[in-house]
Amino acid sequence: MSDYITGEVLDLPHDKYHALPHHSRSDITLALRSPAHLRAAKDTPTRVTPAMKLGTAVHAAVLTPGRFDDEVAYAPEGNRRTKAGKEEYEAFMEEAANKTVLPRGDKATVDAMVAAIAASPAAKLVLGGPDKREASYLWMDSQTGLPCRCRPDVYIPDRKIIVDLKTTKDARPDAFGRAVFDHDYHVQAAYYLDGVNAALGEGAATSFVFLAVEKEPPYGVLVGALDAEDLERGRDAYRRGLNRIKWCSENDRWPGYSSKVHRLCLPGWARKRIDQGNA
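Residues numbered from 1 in each chain as written. Predicted model: local features only at pLDDT ≥ 70, side-chain atom pairs only at ≥ 80, totals over all residues. Heavy atoms only, no water.

Asker: Explain the overall build of the protein chain here, please?
Answerer: Each helix and strand counted, the protein chain has 12 helices and 10 strands in total. Expressed as lengths along the three principal axes of its C-alpha atoms, the size of the protein chain is roughly 60 × 55 × 45 Å. In the protein chain, which comprises 279 residues, the proportion classed as buried is 41%. Accessible surface computed for the protein chain: about 16400 Å², of which carbon and sulfur atoms make up 52%. (Helix = DSSP H or I, 4+ residues; strand = E, 2+ residues; numbered from the N terminus. Buried < 20%, exposed > 50% of the residue type's maximum accessible area, 1.4 Å probe, protein only. Areas by Shrake-Rupley, 256 points an atom, 1.4 Å probe, with all protein chains shown as cover.)

Listed below in structure tokens is the structure:
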């Protein structure tokens, strides 16, 4: 019998969730890049970018609006070069020590993105009905024996749907499809579906839906799902990632990129532009 926690855990604080020894989708995608990248990420604090802070604020405002003020704060606009402005900012930062802090000017953007989602008929379709938000699902992978975890933004048990909210530069289907590949969202979709089913029982979740909202006016909204073939590609990828983590853990070896000399090629689109005289 495993000593690891498994099953569904509701209302688990973010810090306790991330402190679990279970492997996340981020672990897998880092391992797919190289085991050395995964090891470095474990040893180095994550650098939080402005884009990540904006995404956190939008998630909080859409998914858990009742906790927004406990999790997010907007910095005062006072002149920090003056004594009064500096004191105001220091007092604010002390009070907001455990919150995600954004510039005051980002408030209008967050509010507009939230309003765009609220006005989207497609978003209303996937967010309607009783649901569980930011619940944690923990399981032991049947093939590798590794402890695993995921934390879907929204899980709707009655409809067997997982909904994942993404902020993006371009929510057109083709453009967001490229973002899915670039950010390994197809790996996330398959991993989350399989994870919820492993934690709750087969058939608990059958669909993974992306809810994407643009970060600039007019804050376009996309609701979309991957087809079965691309989900299977994501499943193959996460299986390779878990197998790699298992091997590295058992052998205490975390190699980086291959040390051989590689043949480099221009991307196909770049070759085409050059051949057509457009570059």
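Asker: Before we go on, may I ask you to explain the packing of aromatic side chains in this structure?
Answerer: For any two aromatic rings, the description comes down to two numbers: the centre-to-centre distance and the angle of the planes. Within the structure shown, the criterion is met by 10 aromatic pairs. Plain terms: the ring middles of Tyr89 and Phe92 are 6.3 Å apart, the flat faces sit at 40° to each other, and that makes the pair tilted. Taken as a pair, Tyr89 and Phe92 lie in helix H6 (residues 83–95) at a separation of three residues, close to a single helical turn. Judged by its relative accessible area of 15%, Phe92 falls in the buried class. Where Tyr192 meets Phe208, the ring centres are 6.1 Å apart and the plane angle is 80°; that geometry is what we call edge-to-face. Residue Tyr192 is located in helix H10 (residues 185–200), and its partner Phe208 is located in strand S9 (residues 207–214); the two are separated by 16 residues in the primary sequence. The pair formed by Tyr192 and Phe208 is uniform in burial state, with each residue classed as buried. An aromatic cluster is built from Phe176, Tyr185, Tyr192, Phe208 and Phe210, whose rings are joined through pairwise contacts. (Phe/Tyr/Trp six-rings, centres within 6.5 Å; stacked < 30°, edge-to-face > 60°.)

Asker: Even after reading the chapter, I still don't get the sheet that holds strand S8 (residues 161–168), so can you show me in this structure?
Answerer: One key point about sheets: their strands pair by backbone hydrogen bonds, in either a parallel or an antiparallel sense. Strand order in the open sheet formed by five strands is S4-S7-S8-S9-S10, and the pairing between neighbours is mixed. Looking at which strands have only one partner, the edges of the open sheet turn out to be strand S4 (132–133) and strand S10 (221–224). Across the sheet, helix H9 (residues 173–182) is in contact with S8, S9 and S10; its angle to S9 comes to roughly 110°. (Pairing = 2+ DSSP bridges. Contact = heavy atoms within 4.5 Å. Axes fitted to C-alpha atoms, helices over the stretch in contact; angles between N-to-C directions.)

Asker: Honestly, the pattern of salt bridges in this entry has me stumped. Any pointers?
Answerer: Side-chain pairs of opposite charge can arise where the charged atoms are in close proximity. Using the criterion set out here, one finds 15 salt bridges in the structure. The salt bridge involving Glu134 is made with Arg67; its shortest N-O contact spans 3.2 Å. Taken as a pair, Glu134 in the loop between S4 and strand S5 (136–140) and Arg67 in the loop between helix H4 (50–63) and helix H5 (68–71) lie far apart in primary sequence, 67 residues in all. Using a relative accessible area of 10% as the deciding quantity, one classes Glu134 as buried. We note a salt bridge from Asp111 to Lys107, for which the minimum N-O separation is 2.8 Å. Of this pair, Asp111 and Lys107 both sit in helix H7 (residues 106–119), four residues apart, which is roughly one turn of the helix. Residue Asp111 is classed as partly exposed on the basis of its relative accessible area, which comes to 38%. Relative accessible area serves as the criterion here: at 35%, Lys107 is assigned to the partly exposed category. Ionic contacts of the salt-bridge type, sharing partners, join the residues Arg67, Glu71 and Glu134 into one network. (Salt bridge = Lys/Arg side-chain N within 4 Å of Asp/Glu carboxyl O.)

Asker: Help me understand unusual backbone geometry in this model?
Answerer: Excluding glycine, residues mostly carry a negative phi; peptide bonds, for their part, are mostly trans. Pro218 follows Pro217 through a cis peptide bond whose omega is 5°. Mapped onto the elements, Pro218 comes out in the loop between S9 and S10. Positive phi outside glycine occurs at Lys160, with the angle close to 60°. With respect to the element layout, Lys160 can be found in the loop between strand S7 (154–156) and S8. Unusually for a residue other than glycine, Asp184 sits at a positive phi of about 60°. Positionally, Asp184 belongs in the loop between H9 and H10. Under the relative-accessibility criterion, Asp184 is labelled partly exposed at 23%.

Asker: How should I be thinking about the sheet that holds S5 in this particular structure?
Answerer: Judged by pairing direction, the sheet is antiparallel, and its three strands sit side by side in the order S1-S5-S6 without closing on themselves. Since the sheet does not close on itself, it has two edges, and those belong to strand S1 (7–9) and strand S6 (147–150), each with one partner. Going from strand to strand, the sheet's axes swing by 25° on average, the running direction of each strand aside.

Asker: Where do I start with the layout of surface pockets in this structure?
Answerer: Any space left empty among the atoms is revealed by the rolling of a water-sized probe across them. By volume, the second largest pocket is sized at about 240 Å³. Along its surface, the second largest pocket is lined by 13 residues, and Phe176, Gly177, Val180, Leu226 and Asp230 are the ones closest to its centre. Of all the secondary-structure elements, those providing two or more residues to the lining of the second largest pocket are H9, S10 and helix H11 (228–251). A per-element tally of the lining of the second largest pocket places H9 first, with five residues. The class makeup of the residues in the lining of the second largest pocket is eight nonpolar, three polar and two charged. (1 Å grid on protein atoms, 1.4 Å probe; cavity = no way out; pocket = protein on both sides within 12 Å on 5 of 7 lines; lining within 4 Å. Points joined across faces, edges and corners; volume = space filled by probe spheres on them. Nonpolar A, V, L, I, M, F, W, Y, C, P; charged D, E, K, R; others polar.)

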